[in-house]
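Per-entry structural report
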Amino acid sequence: MGKKALIFAPVIPTWDEGRFFLPIINELTSLGYSVTVVDSLSLLHPHANKFMDFVERWRTELERFEEFDLYAGNALGGALLQGLLPSLNPTAQVLLVSAPTIADEQLESRLEDIANLAATGQTSAALELLNHRVQASNTSTKNTGIEVACDERINSRLSAGLRLLHGLDVSDHIASHRGTILSFTGACSQLVGRQHLTDSNHHHIHEIPDSGMRPHSDQPEKVRAVIREFLKGNA
């Protein structure tokens, strides 16, 4: 039986069926993995959105699944995955992309700027700021002119999803996981950077130059090469 991978999505305004992670999905598929991608925000609760409550809902949901050989997560999806580590196979391989282990004041403030725009019905402004923040800081980003009507679904996903990361600290979960962990951050990220990750003996951290929150899209060949070496070396 082939190897299986499960990927947790970041906060996406509208679910895109996994296109956000396509360079990595393609790499995993080429290495023989059967890939399942889930919308992390599908288990948002309108009145109970503390991070560990969110993790617990996903822990219960995962009881319906068989175990996977590789777990991956991007941004919020990666934070969720770290929260789930104690309930997963302790030797499972883990792939994280722009996934914070600890949220500091700057990260919380920048996420809240976007969340507050969404919470107050300013959908276009929230999407514009989100688009700006995920770009590399050394990239000249122009106003994209995003104009959409107030969309309650998008506003809810952005405001509730981004606020889940307030007060985040799952460093104990990283320290106690016995499987190998590969993390990517963008060297020019305006949100999650190296300072939001913690070290452990089995945690391999790669900071990708000239990239922001999406190093797998900004520098796809560099990221794919590291993943290929990591997974083949830990086969």
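Everything below is about the structure shown above.
Residues numbered from 1 in each chain as written. Predicted model: local features only at pLDDT ≥ 70, side-chain atom pairs only at ≥ 80, totals over all residues. Heavy atoms only, no water.

Across its full length, the protein chain carries nine helices and six strands. Over its C-alpha atoms the protein chain spans a radius of gyration of 17 Å, differing by no more than 12% from the 18 Å that the globule rule assigns to 235 residues. A principal-axis box enclosing the C-alpha atoms of the protein chain has dimensions of 45 × 40 × 30 Å. The buried share of the protein chain, taken over its 235 residues, is 53%. Long-range contacts, defined as pairs at least 24 residues apart, comprise 69% of the intrachain contacts of the protein chain with a sequence gap of at least 6. (Helix = DSSP H or I, 4+ residues; strand = E, 2+ residues; numbered from the N terminus. Rg over C-alpha atoms; globule rule 2.2 N^0.38 Å. Buried < 20%, exposed > 50% of the residue type's maximum accessible area, 1.4 Å probe, protein only. Contact = heavy atoms within 4.5 Å.)

Let's shift gears to the pairing of strand E3 (residues 70-74). The buried fraction of E3 amounts to five of the five residues, a majority that puts the element mostly inside the structure. Burial along E3 is two-sided: Leu-70, Ala-72 and Asn-74 facing one way and Tyr-71 and Gly-73 facing the other are all buried. Where strand E1 (residues 3-8) lies against E3, four bridges are found, and the strand directions are parallel. The residue bridging Ala-5 from the neighbouring strand is Leu-70, located in E3. Direction of pairing for E3 relative to strand E4 (residues 93-97): parallel, over a ladder of five bridges. Note on E4: the bridge partner recorded for Tyr-71 is Val-94. You can see the chain leave E3, run along helix H3 (residues 76-84) and come back into E4, and the turn it takes is right-handed. (Pairing = 2+ DSSP bridges. Right-handed = clockwise from strand over helix to strand, strands pointing away.)

This part covers helix H9 (residues 220-233). Taking 1.5 Å of rise per residue, 14 residues should cover 20 Å, and H9 covers 20 Å from first to last C-alpha, within 8% of that figure. Along H9, the residues classified as buried are Val-223, Arg-224, Val-226, Ile-227, Phe-230 and Leu-231. Buried residues in H9, looked at end-on, bunch into an arc of 160°, giving them a common side. The outward face of H9, more than 90 degrees from its buried face, is lined by the exposed residues Glu-221, Glu-229, Lys-232 and Gly-233. (Expected span 1.5 Å × (residues − 1). Arc of directions from axis to C-beta.)

A word on the sheet that holds strand E5 (residues 181-186). Taken together, the six strands give an open sheet; going across it, the order is E2-E1-E3-E4-E5-E6, and neighbouring strands pair in parallel fashion. The open sheet terminates on both sides in strands that have one partner only, identified here as strand E2 (33-38) and strand E6 (203-208). On average, each strand axis in the sheet is tilted by 15° relative to the strand beside it, whichever way the strands run. Both E5 and E6 contribute to a ladder of six bridges, which runs parallel. Paired with Gly-186 across the two strands is Ile-208, which belongs to E6. Across the face of the sheet, H3 comes into contact with E1, E3 and E4 while running at roughly 135° to E3. (Axes fitted to C-alpha atoms, helices over the stretch in contact; angles between N-to-C directions.)

According to the stated counting rule, one finds five aromatic pairs in the structure shown. Centre to centre, the rings of Phe-8 and Trp-58 are 5.6 Å apart; their planes meet at 90°, and the pair counts as edge-to-face. Here Phe-8, found in strand E1, pairs with Trp-58, found in helix H2 (residues 51-62); they are 50 residues apart in sequence, far enough to count as distant. Ring centres of Phe-68 and Tyr-71 lie 5.8 Å apart, and the angle between their planes is 65°; this geometry places the pair in the edge-to-face category. Residue classification places Phe-68 among the buried positions, given a relative accessible area of 8%. A residue is classified by how much of its surface remains accessible, and Tyr-71, at 4% relative accessible area, is buried. In this structure an aromatic cluster arises from ring pairing among Trp-15, Phe-20 and Phe-21. Directly above the aromatic system of Phe-68 lies the positively charged group of Lys-4, at a separation of 5.4 Å from the ring centroid. (Phe/Tyr/Trp six-rings, centres within 6.5 Å; stacked < 30°, edge-to-face > 60°. Lys NZ or Arg CZ within 6 Å of the ring centre and 35° of its normal.)

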